[in-house]
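# Secondary and tertiary structure notes
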Amino acid sequence: RDVAPSRGLGDVYKRQALTAGARFLYLCMTMESAGKREFIFPKSAAEKYGIARNSLTRQVAELQNKGFISVQSMANLRQPNEYSFCKRWRENTRT
């Protein structure tokens with residue numbers, strides 16, 4: 001068959017060159033969001049998945065820079081940060 005293969009999320013990860021840690025964090029965020037576009041991801045959730053605090057900060061920045069998430073609040077107020085999934089990553093994958 002001469003059918004172009006569909007572009008799965010795995011292919012997107014490869015084109016965007018996300019690190020394994022950022023991919024894992026994105027997966028954890030999708031599970032914690034329960035299907036919502038806007039969600040919170042407290043540090044306790046990261047700890048539940050075995051993600052260290054310093055890794056969390058680095059991986060959130062990577063996901064934000066690559067257009068997978070946006071950070072709604074980045075205040076250090078002992079409140080969990082608010083995030084939302086975004087689709088900017090698609091802009092770099094269209095050919």
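What comes next is a walk through the structure. (Residues numbered from 1 in each chain as written. Predicted model: local features only at pLDDT ≥ 70, side-chain atom pairs only at ≥ 80, totals over all residues. Heavy atoms only, no water.)

## Focus on the overall build of the chain
Short version of the rule: Runs of E in the DSSP output that reach at least two residues are strands. Runs of H or I that reach at least four are helices, and both are numbered from the N terminus. Partly exposed residues are those whose accessible area sits between 20% and 50% of the maximum for their type, while under 20% is buried and over 50% is exposed, using a 1.4 Å probe and protein chains only. Two residues form a contact once any of their heavy atoms are found within 4.5 Å. In these tables, accessible area is a Shrake-Rupley quantity obtained with a 1.4 Å probe, and a residue counts as shielded only by the protein chains included in the view.
Regarding its fold elements, the chain presents 4 helices and 3 strands. Classification of the 95 residues of the chain by burial places 34% in the buried group. A sequence separation of at least 24 residues applies to 53% of the contacts in the chain between residues at least 6 apart. A total accessible area of about 6,600 Å² is found for the chain, and carbon and sulfur atoms account for 49% of it.

## Observations regarding the pattern of salt bridges
Selection rule: Every case where a carboxyl oxygen of Asp or Glu lies within 4 Å of a side-chain nitrogen of Lys or Arg is listed as a salt bridge.
Within this structure, the stated rule accounts for 2 salt bridges. With its nearest N and O atoms 2.8 Å apart, the salt bridge here joins E32 to K48. With a gap of 16 residues between them, E32 in helix 2 (residues 20-33) and K48 in helix 3 (residues 43-48) connect regions that are remote in the sequence. A salt bridge links E47 to R53, with the nearest nitrogen and oxygen atoms 3.1 Å apart. Owing to a relative accessible area of 42%, E47 belongs among the partly exposed residues under this scheme.

## Remarks on the environment of E82
With respect to the helices and strands, the residue E82 is situated in strand 3 (residues 82-85). A C-alpha to C-alpha distance of 4.6 Å links E82 and I40, two positions 42 residues apart in sequence. What E82 contacts, discounting residues up to four positions off in sequence, is F39, I40, S70, V71, Q72 and S73.

## Overview of helix 2
Note the following rule: Take the residue count of a helix, subtract one, and multiply by 1.5 Å to get its expected span. Taken from the helix axis, the directions to the C-beta atoms give the arc we talk about.
Helix length check: helix 2, at 14 residues, gives a terminal C-alpha distance of 20 Å against a target of 20 Å (1.5 Å per residue), a fit within 8%. Of all the residues in helix 2, the buried ones are A22, L25, Y26, C28, M29 and S33. Taken end-on, helix 2 shows its buried residues confined to a sector of 165°, consistent with a single buried face. Just beyond helix 2, the residue with positive phi is A34, at close to 55°.

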